[in-house]
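Inside the fold
Each chain, letter by letter, is given below.
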Amino acid sequence: MNIQVFGTKKCNDTKKAQRYFKERGIKFQFVDMSEKELSKGEFRSVCQAVGGIKAVINEDSKDKDTLALLKYIAESELEEKLLSNQQVMKTPIVRNGKQATVGYRPEVWKGWN
């Protein structure tokens, strides 16, 4: 397995995801999104794995202005806007090759080999 956990150090669900993998002795790479953002390729791979771009948006984000804007911009502009405002993405984003989850999803991670 080649696990990557994208999130922030302040996010409780990200901390829980890291603990989940540590407790099971599964090696993972933590990527702090406040220091290094998702690349366009990583973002597209995650969106494809989780069922689309809307699944990545955190409706409870503190950035209400960006959330409001995301609701009204064209679908074609959504990717670029999200990539430049990654603070409105749900975390953790956990990748294992072509597989990915958004949010704390241990029931999915159990099935990864």
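Here, the structure is the one placed above.
Residues numbered from 1 in each chain as written. Predicted model: local features only at pLDDT ≥ 70, side-chain atom pairs only at ≥ 80, totals over all residues. Heavy atoms only, no water.

Things to note about the pairing of strand 2 (residues 28-32)
Note that strand 1 (residues 3-7) and strand 2 share five bridges and pair parallel. Each residue of the ladder has a partner; that of Val5, found in strand 2, is Phe30. (Pairing = 2+ DSSP bridges. Helix = DSSP H or I, 4+ residues; strand = E, 2+ residues; numbered from the N terminus.)

What to know about the state of the cysteines
Under the defined criterion, the tally for this structure stands at zero disulfides. Free of any disulfide, Cys47 has its nearest neighbouring cysteine sulfur in Cys11, separated by 18 Å. (Disulfide = S-S within 2.5 Å.)

Re the environment of Ala17
Position of Ala17 relative to the elements: it lies in helix 1 (residues 12-23). The buried category is assigned to Ala17, whose relative accessible area is 0%. Taking C-alpha positions, Ala17 is 9.5 Å from Ile93, a pair spaced 76 residues apart along the chain. Those residues in contact with Ala17 that sit more than four places away from it in its chain are Val5, Pro92, Tyr104 and Trp109. (Buried < 20%, exposed > 50% of the residue type's maximum accessible area, 1.4 Å probe, protein only. Contact = heavy atoms within 4.5 Å.)

Brief notes about the packing of aromatic side chains
Taken as a whole and assessed by the stated rule, the structure comprises five aromatic pairs. Look at Phe21 and Phe28: their rings are 6.1 Å apart centre to centre, the planes differ by 45°, and that puts the pair in the tilted class. Residue class for Phe21 comes out buried when judged on its relative accessible area of 1%. Assessed through its relative accessible area of 22%, Phe28 is described here as partly exposed. A centroid spacing of 5.5 Å and a plane angle of 85° characterise the contact between Tyr104 and Trp109, whose relative ring orientation is edge-to-face. Given a relative accessible area of 29%, Tyr104 falls into the partly exposed group. An aromatic cluster is built from Tyr20, Phe21, Phe28, Tyr104 and Trp109, whose rings are joined through pairwise contacts. (Phe/Tyr/Trp six-rings, centres within 6.5 Å; stacked < 30°, edge-to-face > 60°.)

What to know about the pattern of salt bridges
Enumeration over the complete set of coordinates arrives at eight salt bridges. One salt bridge in this structure joins Lys9 and Asp32, with 3.9 Å as the shortest N-O distance. Here Asp32 lies in strand 2 and Lys9 lies in the loop between strand 1 and helix 1, a separation of 23 residues in the sequence. Classification of Lys9 by relative accessible area gives exposed; the value is 54%. Given the relative accessible area of 8%, Asp32 is considered buried. Arg24 is paired through a salt bridge with Glu23; the nearest N and O atoms lie 3.7 Å apart. Look at Glu23 and you get exposed, because its relative accessible area is 58%. (Salt bridge = Lys/Arg side-chain N within 4 Å of Asp/Glu carboxyl O.)

Remarks on helix 3 (residues 64-72)
By the burial criterion, the buried members of helix 3 are Thr66, Leu67 and Leu70. Taken around the axis of helix 3, the buried residues stretch over an arc of 100°, which confines them to a single face. Among the exposed residues of helix 3, those oriented more than 90 degrees off its buried face are Asp65, Lys71 and Tyr72. The inward-facing, buried residues of helix 3 abut helix 4 (75-84). (Arc of directions from axis to C-beta.)

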